[in-house]
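Structural features, examined
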Amino acid sequence: MAHVTFKGGVYPHKRKRFTREKTLEEYLPKGDLVYPLLQHIGGMAVPVVEPGERVLEGQLIARASGDISAPVHASVSGIVRSIESRLTVSGKKIPSIVVENDGAYEKYPAEEIGPWKELEPGERLRRIRDAGVVGMGGAGFPTHVKLAVRNPKRIRYVIVNGTECEPYMTGDYRRMVEEPEHLVEGLEIVLGFFERAVGILALEDNKRDAITALQLAVREEPRMEVRVFETKYPQGAERMLIYSVSGMEIDSTQLPADAGCIVLNVETVCAIRQALVEGRPLIQRAVTVTGKALKNPRNLLVRLGTSFAELPEAAGGFAREPRKFVCGGPMRGTALPDLDVPVVKTSTGLLCMSKDYLFKPSACIRCGSCAEVCPIHLLPARLAELASQDKEEEFRHMHGMECLGCGSCSYVCPARRALAPAIQGMRKSLLAQGKR
Amino acid sequence: MGEKKYAWTFPHVKGTMSTANLMRMVLAALLPAAVFGVFHFGPEALAHMLVCVVTCMLTEFVFEAFADRPLAVTDCSAAVTGLLLALMLPVGAPLWLGIIGSVFAVAVVKMAFGGIGKNRLNPALCGYCLLLWLFSDIMRDYSFGDFGAETLLGQLLQGETVDPLPMILGNTNGGIGQTSSLAILAGALLLLAFGVIRLRIPAAAAVSFVLTLFLFGGRGFDQLWLTTQICGGGFLLGIWFMAVDCVTSPINRQGQVLYGLLIGVLAAALRLRGIEEAIVYAILVGNMAVPLIEKITVPRAFGQRRLVKVHNDKNSGTA
C-alpha cells in the first residue's frame, strides 16, 4: 500500500506477535505503590496527604503546581507510608508518595457529573486537568495545556496517534481493537474544543484488526476518519505524523498547533474519555509486558505506581534468563538496571530481552546510511563527531538541535556507533544552557 | 543482575548491516568482473588478484599489529582495495607490481591517514596512480594474445572509430576486470540490490560525462562514439565501484549528486584531452573536493525554512 509518508525512517522487526492477540487484562498490584510527583513535563506536583493517612482509590494525593503540571491520584486504597525520594525509570530519584496497598480497592466517591456535552468547554478542560491526564505515549505533556491553544479555530486536525511504531509494543493496538467506541467517544470530546477540526485516527498498515474495528466505529461519525500509513519507524513521532497527515513540516521549536494539529496518544484519548464520561482520574494504563525472556507475554492494565519488578511474574515468569530490561520499546526505550521502579503515566511497556547486544563501535566509514534514514534529514555521523569534539557552533549550524532522538541512525549504522545518544547528549546539554 | 554489562543507550536493537557485511557484498559484486577476467585472461589474472588481496590484507594487519591499533583487517576493506587494484592492472604486468601498488595503497593512503574511514583518497586508485607514474611503460602495455599494447580506448582517443561490441562483451585487451562492461554492470546491479550503493553518484557521473562529451566533443550526438567512450577503459568500473567508495565520497544526498556530476565532467574533459586514465584522475580530484562539497551542501533540516543561511539564535522563533 502506498501512502504519503516522510522521507527516511527504518524498518526494524516488529515482534508484535508475542502480544498482539492477548487481550488487555487487569493486574492488581501486590507490593507497595510508589507515585513519583513528577510523571509529566512541567512543575512537580505538591502532596496533599500526610504519612499515616488512609487514601482511597482515585483520591487526589498530590495537586498540580502552576499552569504546566498535573495532579497525581492514588490507584489503590491504603495507608500513605511515607513521602520520600525514589528511583524512577529515568534513573533519577524523584520525591514520591509511597502507599501501602490494603487490598480493599475502596473507591473514592466519584464526583457526580452529568453528560459531558452539557458542560462548558472550560469546565471540560478543568476536569481533564483534575483527572491528571498527560501525554501517555512517552512525552508526558499535560493534556489540558495541549488542548488550551490560543486560537482553537485554527486547528484543522485532531490526530489520534495509534501508529505504535515501536517494535514489541501492543497496548495501543489492543485498546483500538477492544474499545474502539471509547476511542471514538474520547475523540468526540476533543473535537468539541475545536469546531473546525477533523478527527484523524492514524494507524500503520500492519494493524489490520484495529483498522477494521475503527473504521466500523467511525462509520456514523462525519467528523472522523481512519488514515492508514506505512509501517515504518518513527511514523509515530509527532512531527513525522503531522507531516504524514497534513503535509506540514514543523521544526523542533514549533508546536503541533502551529501546523493546525493536535496529536494525542490512544491511551491519552481513553483517559480523557474516562475523565469526562466516568468522572474517574487517571490511575491505570495499558502496559505491554513482553520479550523473549518471558513465558507468557501479555498486555496488562496496570495500576500506576505498581513496581515493574512485579510484572515479569504476572507474565508467567521467565522462560530464559533475562539479560536486559527496557522500559518502553526497543528503539527509544530506557534500559532499566533496577526493575524496582514504578509504572508511571508514560510507561508503555516492559521489554525483557533474552539477549543483551553489546554493540562494539568501529570507525565510521562515512557510508551515509544514517543520513539516508534520518527523518529530519540531518547528517548524524557528522553531528555525533561534532558532539564528541564539543563543537557547539558547528553542531548548531548543522541543525543538530533539530534531532528527534528517534535512534534510526544508530539502528542502521554498520559501524555500530552510538550516534543518536551522542547527538541527544549534546542537544540536551545545549538546551540546558538555554542555547538553541 | 548487578554486575552485568549493559548496553545503556537506545536503541536496544540494531540492523543487520555491519562494515564487514558491506565489504563482503562489495567483494561479491566484484566477482562477475573478476571471474570474467580469469576466464578471459587466464590464470595470470587470478594470480594478480590473489597477490594484491593478500598483500593489502597483510599490510593492514602488520600496520595494525605494530601501531597497536584495534584489528580492523577482518572487515575485508583491504581485500576490496586489493581486488580493485588487481582489476585495473594489465595482465602482462609482473606480480611484484601489484605488491608495490598494494603496499602503497594500504600503508600510505589508508593507514597513515588513520585507517578505514579516515582516508581522503581512494586507496586502490592511488596505488594505481603510483604504478602508472613509476612504471608507465609496463602499465600502458596491454598486449595479450593477439591483441597489441594499445587498447580500444587508446585507438578511440586517437580519433579512430572502434567497434563497441568487444568492449561490451569483454573480448578485448585492457585492465583485468575492465574489459567487459556487461560483467561490471552485473556487479553494479548486485550492489544496488544489496543496498550497498545508491544510484545517485554513478547516475550523476554518467549523465554529466555524456553531456560534456556531447557538448564539447565536437561529434554531436554520435551514439557509437558515446557508447565506446562509456564502455571503454575504466569508466564503468570507476563510477560503479570507485566513485561510490563511501569513505571518499560525500555523506549527504545533494553532495553525492554534485560529486558525481563533477567526476563525470572531469572524466569527459580529460578524455577529450586524450588522457586514457581520465576516470582515475577525475575520481581522485572528486575525492579531494569532498570536504568542500560537504561544506556547501549542508542539507535543510525537516521543518526548517529554506532561507536559513546563518543558523544563529535569531531564527529559532516559531512561525
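Residues numbered from 1 in each chain as written. Chains lettered and ligands numbered in written order. Predicted model: local features only at pLDDT ≥ 70, side-chain atom pairs only at ≥ 80, totals over all residues.

1. Things to note about the overall build of chain A
Keep this limit in mind: What counts as a helix is a DSSP run of H or I of at least four residues, what counts as a strand is a run of E of at least two, and both are numbered from the N terminus. The exposure label follows from counting other C-beta atoms within 10 Å of a residue's C-beta, where the C-beta atoms are placed from the backbone and the thresholds are 20 or more for buried and 12 or fewer for exposed, leaving partly exposed in between. For every residue pair, C-beta atoms are placed from the backbone, and the pair is scored as a contact if these atoms sit within 7 Å.
Along chain A, the regular secondary structure elements total 13 helices and 17 strands. Sorting the 436 residues of chain A into buried and exposed places 58% on the buried side. Long-range pairs, those at least 24 residues apart, make up 72% of the contacts in chain A between residues at least 6 apart in sequence.

2. Things to note about the overall build of chain B
This is how the line gets drawn: Atoms considered for the radius of gyration are the C-alpha atoms alone. The globule rule reads 2.2 Å times the number of residues to the power 0.38.
Each helix and strand counted, chain B has 14 helices and zero strands in total. Here chain B has a C-alpha radius of gyration of 21 Å; the compact-globule value for 319 residues is 20 Å, and the two agree. Across its three principal axes, chain B shows a C-alpha extent of roughly 70 × 50 × 35 Å. With 319 residues in all, chain B has 53% of them scored as buried.

3. Quick notes on the environment of E204 of chain A
Counting through the fold element by element, E204 of chain A comes out in strand β10 (residues 198-204). Those residues within four positions of E204 of chain A in sequence are excluded, and the remaining contacts are T163, C165, F229, E230, T231 and Q235 of chain A.

4. Some thoughts on the sheet that holds strand β9 (residues 157-162) of chain A
Residues and elements named next belong to chain A. We apply this condition: Note: two strands are recorded as paired if DSSP finds a minimum of 2 bridges between them. Axis lines are fitted to C-alpha atoms, over the contacting stretch for helices. Their N-to-C directions set the angle, which ranges from 0 to 180 degrees.
If you trace the four strands from one edge of the open sheet to the other, you get β11-β10-β9-β12, paired in parallel fashion. Sheet topology places β11 (224-229) and β12 (261-265) at the edges, where each strand pairs with a single neighbour. Between one strand and the next, the sheet's axes are offset by a mean angle of 25°, whatever the strand orientation. The pairing of β9 with β10 spans six bridges and is parallel. Along β10, the bridge assignment pairs V158 with G199. Packed onto the sheet, helix α4 (residues 180-191) meets β9, β10, β11 and β12 and runs at close to 150° relative to β9. Packing of helix α6 (residues 238-246) onto the sheet brings it into contact with β9, β10, β11 and β12, and relative to β12 it is tilted by some 125°.

5. So, helix α1 (residues 121-130) of chain A
Residue and element names in this part refer to chain A. Those residues of α1 that fall on the buried side of the exposure criterion are R124, R127, I128 and R129. Close packing links the buried residues of α1 with α2 (143-147) and α7 (266-278). Positive backbone phi, at 75°, marks G132, one or two positions downstream of α1.

6. A short note on the sheet that holds strand β2 (residues 33-36) of chain A
All names here are of chain A. Taking strand neighbours across the sheet as the criterion, the four strands line up as β2-β8-β7-β4 in an open arrangement whose pairing is antiparallel. Looking at which strands have only one partner, the edges of the open sheet turn out to be β2 and β4 (54-55). The pairing of β4 with strand β7 (residues 78-87) spans two bridges and is antiparallel. Bridge pairing links V55 to G78 in β7.

7. Considering the nonpolar core
A general trend in soluble globular proteins is that nonpolar side chains are found buried together. Short version of the rule: Think of a nonpolar core as buried Ala, Val, Leu, Ile, Met, Phe, Trp, Tyr and Cys residues, each tied to the set through C-beta atoms within 7 Å. Boundaries of every domain are those given by an automatic assignment or by a domain database.
One finds I159 and I262 of chain A together with L83 of chain B to be the most contacted residues of the largest nonpolar core, which totals 241 residues. Residue assignment places this core across two domains, with domain 1 (116-278) and domain 2 (369-432) of chain A each supplying three or more. Sequence-distant contacts of L83 of chain B, defined by excluding residues within four places in its chain, comprise L27, L30, A34, M49, C52 and V53 of chain B.

8. Considerations on the domain arrangement of chain A
All names here are of chain A. The condition that has to hold: By the convention adopted, Pro, Cys, Tyr, Trp, Phe, Met, Ile, Leu, Val and Ala count as nonpolar, Lys, Arg, Asp and Glu as charged, and the other residues, Gly among them, as polar.
Per the domain assignment, the segments making up chain A are domain 1 (116-278) and domain 2 (369-432). Centre-to-centre separation of domain 1 and domain 2, based on C-alpha positions: 29 Å. Residues that form the side of domain 1 that touches domain 2 fall into these classes: four nonpolar, one polar and two charged.

9. Side note on the confidence of the model for chain B
Residues and elements named next belong to chain B. Cut-off, in case you're wondering: Residue-level confidence of the predictor is what pLDDT reports, using numbers from 0 through 100.
Per-residue confidence for chain B gives a mean pLDDT of 90; residues scoring 70 or more make up 93%. Predicted confidence for residues 306-319 stays below pLDDT 50, and this span has 13 contacts to residues more than four positions away or in other chains. Both confidence scores are given for the complex: pTM 0.90, ipTM 0.86.

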